[in-house]
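Structural overview
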Amino acid sequence: MSYSSEIWVGAAAYLGAGLAVGFGALSVALGEGYAAGKAGQAISKNPSMAAPVMKNMLIGQAVAESAGIFALVVAMLLAFADTTGADLLQAFAYLGAALSMGLAAMGSGFGSGLPAAECCEGIADNPEVQGGLATNMLIGSAMCQTPAIFGMVVSFILIFFDTSGMDLWPSWAAILGAGLGMGLSAIGSGLGSGMPAGAATQGIARQPMAASGLRTNMLIGSAVSQTPAIFGMVVSFLLLYMDWSSLPAWPGWAFLLGAAVSVGLGAFGPGIGNGMIAANAAAGIARMPDTQRTMTPAMLIGMTVSQSTVIYAFLVSLILLVTPVQASDTIVSWMIPLAASLCMGLGAIGPGIGEGFVGACTVTRISRGMENAGMLTRIMLVGMAVTESTAIYSLIVALVLLYVV
Amino acid sequence: MAIEGADLIRATALMGAGLAMGIGAIGPAVGEGFAAGKAIEAIGRNPKEAGLLTRTMLVGQAVTESTGIYSLVVALLLLFVV
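It should be emphasised that the depicted structure is a prediction, and the values quoted were computed from it without experimental measurement. (Residues numbered from 1 in each chain as written. Chains lettered and ligands numbered in written order. Predicted model: local features only at pLDDT ≥ 70, side-chain atom pairs only at ≥ 80, totals over all residues.)

**Looking at the overall build of chain A**
Helix and strand content of chain A: 13 helices and 0 strands. Order of helices (α) and strands (β) in chain A, N terminus to C terminus: α-α-α-α-α-α-α-α-α-α-α-α-α. Since a compact globule built from 405 residues should have a radius of gyration of about 22 Å, the 22 Å found for chain A is in line with a globular shape. Considering only contacts within chain A whose residues lie at least 6 apart along the sequence, 92% involve residues at least 24 apart. (Helix = DSSP H or I, 4+ residues; strand = E, 2+ residues; numbered from the N terminus. Rg over C-alpha atoms; globule rule 2.2 N^0.38 Å. Contact = placed C-beta atoms within 7 Å.)

**Side note on the overall build of chain B**
A tally of regular secondary structure across chain B gives 3 helices and 0 strands. Its helices and strands taken in sequence order, chain B reads α-α-α from the N to the C terminus. For 82 residues, the compact-globule estimate of 2.2 N^0.38 gives 12 Å, and chain B exceeds it by more than 25% at 19 Å. Each principal axis of the C-alpha atoms in chain B carries an extent, and together these give about 65 × 20 × 10 Å. In chain B, 78% of the contacts between residues at least 6 apart in sequence involve partners at least 24 apart.

**What about the interface of chain B and chain A?**
Contacts between the two partners involve 41 residues from chain B and, on the opposite side, 48 residues from chain A. Those elements giving two or more residues to the side of chain B that touches chain A turn out to be α1 (5-24), α2 (26-45) and α3 (50-81) of chain B. Tallying contributions element by element places α2(B) first for the side of chain B that touches chain A, with 16 residues. Across the side of chain B that touches chain A, the residue classes tally to 26 nonpolar, 9 polar and 6 charged. (Nonpolar A, V, L, I, M, F, W, Y, C, P; charged D, E, K, R; others polar.)

**What about the packing of helix α11 (residues 331-347) of chain A against α1(B)?**
Following both chains from N to C, one finds α11(A) and α1(B) inclined at 10°, their axes separated by 7 Å at the closest point. If you check the angle between α11(A) and α1(B), you find them roughly parallel. Taken together, the residues that form the contact of α11(A) with α1(B) break down as 19 nonpolar, 4 polar and 2 charged. (Axes fitted to C-alpha atoms, helices over the stretch in contact; angles between N-to-C directions. Parallel < 35°, antiparallel > 145°, perpendicular 65-115°, else oblique.)

**What about helix α13 (residues 373-403) of chain A?**
End to end, α13(A) covers 43 Å across 31 residues, agreeing with the expected 45 Å (1.5 Å per residue, within 8%). By the largest-angle criterion, A:Ser389 marks the main kink of α13(A), which is about 30°. (Expected span 1.5 Å × (residues − 1). Bend = angle between axes of the 7 residues up to and from the residue.)

**Some words on helix α4 (residues 130-159) of chain A**
A turn of α-helix holds 3.6 residues, and therefore any two residues three or four places apart point the same way. Between its first and last C-alpha atoms α4(A) spans 42 Å; for 30 residues at 1.5 Å apiece the expected length is 44 Å, and the two agree. Of all the bends found along α4(A), the most pronounced is centred on A:Pro147 and spans about 35°.

**Observations concerning the environment of A:Phe70**
Residues and elements named next belong to chain A. With respect to the element layout, Phe 70 can be found in helix α2 (residues 50-79). In this structure, the C-alpha to C-alpha distance between Phe 70 and Val 400, residues 330 residues apart in sequence, is 41 Å. Setting aside chain neighbours within four positions, we find Phe 70 in contact with Met 101, Ala 105, Ala 148 and Met 152.

**Details of the confidence of the model for chain B**
Here chain B averages 91 in pLDDT, and 98% of its residues register 70 or above. Scoring of the predicted complex yields 0.93 for pTM and 0.91 for ipTM. (pLDDT = per-residue confidence, 0-100.)

**Side note on the environment of A:Trp334**
All names here are of chain A. Tracing the sequence through the fold places Trp 334 in helix α11. With 21 C-beta atoms counted inside 10 Å, the residue Trp 334 sits in the buried group. For the pair formed by Trp 334 and Ser 108, sequence separation is 226 residues and the distance between their alpha carbons is 34 Å. When sequence neighbours within four positions are dropped, the list of residues in contact with Trp 334 reads Trp 250, Pro 251 and Ala 254. (Buried ≥ 20, exposed ≤ 12 C-beta atoms within 10 Å, placed from the backbone.)

**Examining unusual backbone geometry**
All names here are of chain A. Cis geometry is found at the peptide bond from Trp 169 to Pro 170, where omega equals -10°. With respect to the helices and strands, the residue Pro 170 is situated in helix α5 (residues 168-206). At the junction of Trp 250 and Pro 251, the peptide bond is cis and its omega measures out at 0° in the coordinates. Here Pro 251 is to be found in helix α8 (residues 249-266).

**Regarding the packing of α5(A) against helix α9 (residues 268-287) of chain A**
All names here are of chain A. Viewed as axis vectors pointing N to C, α5 and α9 meet at an angle of 5°, and their least axial separation amounts to 7 Å. Classified by the angle their axes make, α5 and α9 are roughly parallel. The residue makeup of the contact of α5 with α9, split by class, is 16 nonpolar, 11 polar and 1 charged.

**Quick look at the environment of A:Ser367**
Residue and element names in this part refer to chain A. Within the element layout of this structure, Ser 367 appears in helix α12 (residues 349-368). Under the C-beta neighbour-count criterion, Ser 367 is labelled buried, with 26 such atoms within 10 Å. Note: C-alpha distance between Ser 367 and Val 386 (19 residues apart in sequence) is 24 Å. Residues in contact with Ser 367, not counting those within four places in the same chain, are Gly 284, Arg 287, Met 288, Thr 291 and Met 295.

Shown next, in the form of structure tokens:
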């Protein structure tokens with residue numbers, strides 16, 4: 001039983017439409033529900049502020065909704081895609097587009113809900129600063145949308161990708177991988193940039209005097225948390241625009257797919273870890289505004305170290321992309337790149353989150369007593385170095401898989 | 001494509017090694033991060049005991065690391081011995 005390529009492309013487009021809006025809706029709804037829950041709490045605490053809380057809840061939800069709308073647009077494009085005369089590669093492009101958009105919306109949707117929720121709570125606690133809270137929420141939520149926008153860009157490129165003249169093997173893995181890598185790597189960054197945005201909004205309600213410092217911190221924190229998604233996007237573009245025609249089909253496809261999986265999974269932990277550190281720094285600034293100058297270096301050092309694990313994963317991805325591949329159809333030859341990418345990708349999740357926790361505790365401590373900042377930063381680095389060790393084991397095993405066995 | 005039995009065994013051993021180290025690295029690292037975070041909180045509260053607390057943190061992390069090392073050992077066994 002064999003079907004024409006048009007049938008397969010149509011099937012992939014419909015499946016993709018479902019996946020894109022399904023994944024996208026999941027997290028957006030959680031974020032908006034969280035904001036609505038906090039709004040309810042806020043109104044019960046301070047019923048006189050019900051109207052502004054409601055207004056800001058709706059604004060915040062509307063911004064969070066945008067990730068869902070991006071997913072809906074991609075789903076619509078896929079559902080009504082013209083499949084006449086399409087070749088089989090187009091099916092993989094549609095699936096990749098769906099994964100890129102759907103997964104990328106998962107981080108941004110919930111992440112944007114965090115500042116919206118804190119804005120509602122802040123208005124009830126401190127009605128005088130509602131203007132500042134709303135502004136901060138809008139900036140913070142908009143920052144959170146960036147990973148979803150990366151996902152949408154890759155998704156659009158894939159939907160309108162010109163596959164003519166490309167061989168099915170191994171290009172399908174590059175095209176599918178471009179979407180998968182972008183989508184996976186955006187999840188952690190979306191959540192991670194929501195955390196400092198939420199914490200800064202909460203901080204402005206508690207300490208309106210510190211608003212400008214908090215906003216600066218939020219912008220730095222959110223921007224640095226985006227880095228893992230940018231690594232994912234770089235790998236995605238390499239997969240799309242490098243020439244794979246000379247790569248042998250077997251085991252070439254596994255190298256291409258592995259490159260996407262490694263950076264995609266590896267970006268998750270550092271994205272969240274960076275968000276934890278920046279969020280605690282914001283809480284610390286709100287507590288003691290004059291500690292910002294002392295705390296920011298510790299925060300940035302912590303975020304950088306936590307970022308290191310995604311850099312390992314990015315490195316493994318690049319190795320997979322540039323290694324000369326010998327044609328071979330044994331199962332071992334294509335299992336090796338897949339095993340190495342899973343090893344490094346999964347192995348980077350824990351250290352990213354663990355180091356985020358170390359950094360988060362350190363900035364909190366420094367905000368409570370600056371005199372020990374130097375010592376605390378040193379001990380933070382010792383703690384992070386030990387936490388890093390498992391990521392290094394993963395890197396070693398991945399490199400052994402690629403170069404030794 | 002016919003897959004030889006010996007090849008299949010070798011391939012699954014390699015994938016097993018990758019998964020063992022990849023998944024096995026998640027838990028210890030989160031746990032060690034938690035230990036270090038709490039140690040830093042404690043040192044901030046009582047800086048005089050920094051030496052003792054750092055030692056305790058390292059001992060705790062060393063024990064937490066053990067499962068990561070088990071994963072590494074199993075991964076290396078699968079890579080080189082099996």
